[in-house]
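Residue-level structural notes
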Amino acid sequence: MTQTSPLSYTLVISGAPYSSQAPQTALAFAKAATAAGHKLDRVFLYGDGVYLASSLVTAPSDEVNWTETWCDFLCDTRTPATVCIASALRRGILNESEKKRYQRTASNLADPFEIAGLGDWVESVATSSRVLYFLPAE
Amino acid sequence: MNVLIVIDRAPYGDWSGRESLDMAFSLAAFDKPVALLFRGAGINWLRHGQLPEDIGQKSGERNLAAAPIFGVSDLLADQQAASDYRLTLDQLLPAASLVEVRPELYRQYDHVISL
């Protein structure tokens, strides 16, 4: 295989787990890219992709829990992972501070995901070598 | 860094168009050059006189009318899509311009995004 210079990647996931293939395709890419020596700048969840960051995801015991699998990968590789705040609040994904701000009864953001604005994505577009989008199925 | 965001789905049917607009406005807020291209059923975002209140949604027309003020450089309307929907330029928002979508158009941008 031809050797190439290491690149930095941002992965944008906008398809939800269990209704699209987007999160697992993105994870397969992330593992392959890091194994090949490339860098992951950030994972950014947008649109329905924010459902990946719900700590309440409870997969049947004989299926993969994509939230836990992604969280393990993010922790192992120390990859920053942002959940778009506007997408998250609309879809009921809240961290502790948003729970308090909107006086909801619970928070459910899985660790190590963080809630922030599209500014993180803009920064990635400006600085990463490549920004890849993993979309929901048509 | 020059970004083109493509919207090819009809307004109000799903949230991808609205979230594409959010991306465009965010880029503009950070002074990054950004344009929007409306293709296929997405051309209907540019129609005058949208009245989505009866289905409980906010008008995208109002957002788009303000786009140039907020720094979105172009609202590009695919002329083939306009023709398919029998829309003429005077039926579209004043800031819209008709373009022929060819590979050269995409090559003007560093990033092309379509949700």
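Below, the structure is looked at part by part. Everything numeric here is computed off the predicted structure, so don't read it as measured data. (Residues numbered from 1 in each chain as written. Chains lettered and ligands numbered in written order. Predicted model: local features only at pLDDT ≥ 70, side-chain atom pairs only at ≥ 80, totals over all residues.)

Tracing the backbone shows Y102 of chain A in the loop between α4 (96-101) and β4 (114-116). Residues Y102 of chain A and L89 of chain A, 13 residues apart in the sequence, show an inter-C-alpha distance of 9.6 Å. (Helix = DSSP H or I, 4+ residues; strand = E, 2+ residues; numbered from the N terminus.)

Residues and elements named next belong to chain A. A rise of 1.5 Å per residue sets the reference length of helix α2 (residues 66-77), with its twelve residues, at 16 Å; its end C-alpha atoms lie 16 Å apart and thus fit the reference within 8%. Every buried residue belonging to α2 is among W66, T67, W70 and L74, and all of these are buried. In an axial view of α2, the angular spread of the buried residues amounts to 100°, which keeps them on one side of the axis. Along α2, the residues that are exposed and aim more than 90 degrees away from the buried face are D72, C75 and D76. On its buried face, α2 sits against α1 (22-35), β2 (39-45) and β3 (81-84). Once α2 ends, the next one or two residues include R78, with phi positive near 50°. (Expected span 1.5 Å × (residues − 1). Buried ≥ 20, exposed ≤ 12 C-beta atoms within 10 Å, placed from the backbone. Arc of directions from axis to C-beta. Contact = placed C-beta atoms within 7 Å.)

It is worth spelling out the interface of chain B and chain A at this point. Facing the 14 residues of chain B at the interface are 13 residues of chain A. Where the side of chain B that touches chain A is concerned, the elements lending two or more residues are α1 (16-29) and β5 (111-113) of chain B. Among the elements that make up the side of chain B that touches chain A, the one with the highest residue count is α1 of chain B (six residues).

Before going further, it helps to spend a moment on the pairing of strand β1 (residues 8-13) of chain A. Residue and element names in this part refer to chain A. In terms of burial, β1 is largely enclosed, as five of its six residues are buried. Relative to β2, β1 is paired through six bridges, and the arrangement is parallel. Across the sheet, T10 pairs through a bridge with R42, a residue of β2. Taken together, β1, α1 and β2 form a β-α-β motif whose crossover is right-handed. Two strands pair when backbone bridges link them, and β1 and strand β5 (residues 130-134) are joined in this way by five bridges, in the parallel orientation. In the sheet register, I13 faces β5, and the bridge partner there is F134. (Pairing = 2+ DSSP bridges. Right-handed = clockwise from strand over helix to strand, strands pointing away.)

We now examine the nonpolar core. Ranked by size, the top nonpolar core spans 68 residues in total, and within it L45 and V83 of chain A together with L36 and F38 of chain B carry the most contacts. Not counting residues up to four positions away in its chain, the partners in contact with F38 of chain B are I7, I43, W45, L46, L76, A77, D78 and A81 of chain B. (Core = buried A, V, L, I, M, F, W, Y, C linked by C-beta atoms within 7 Å.)

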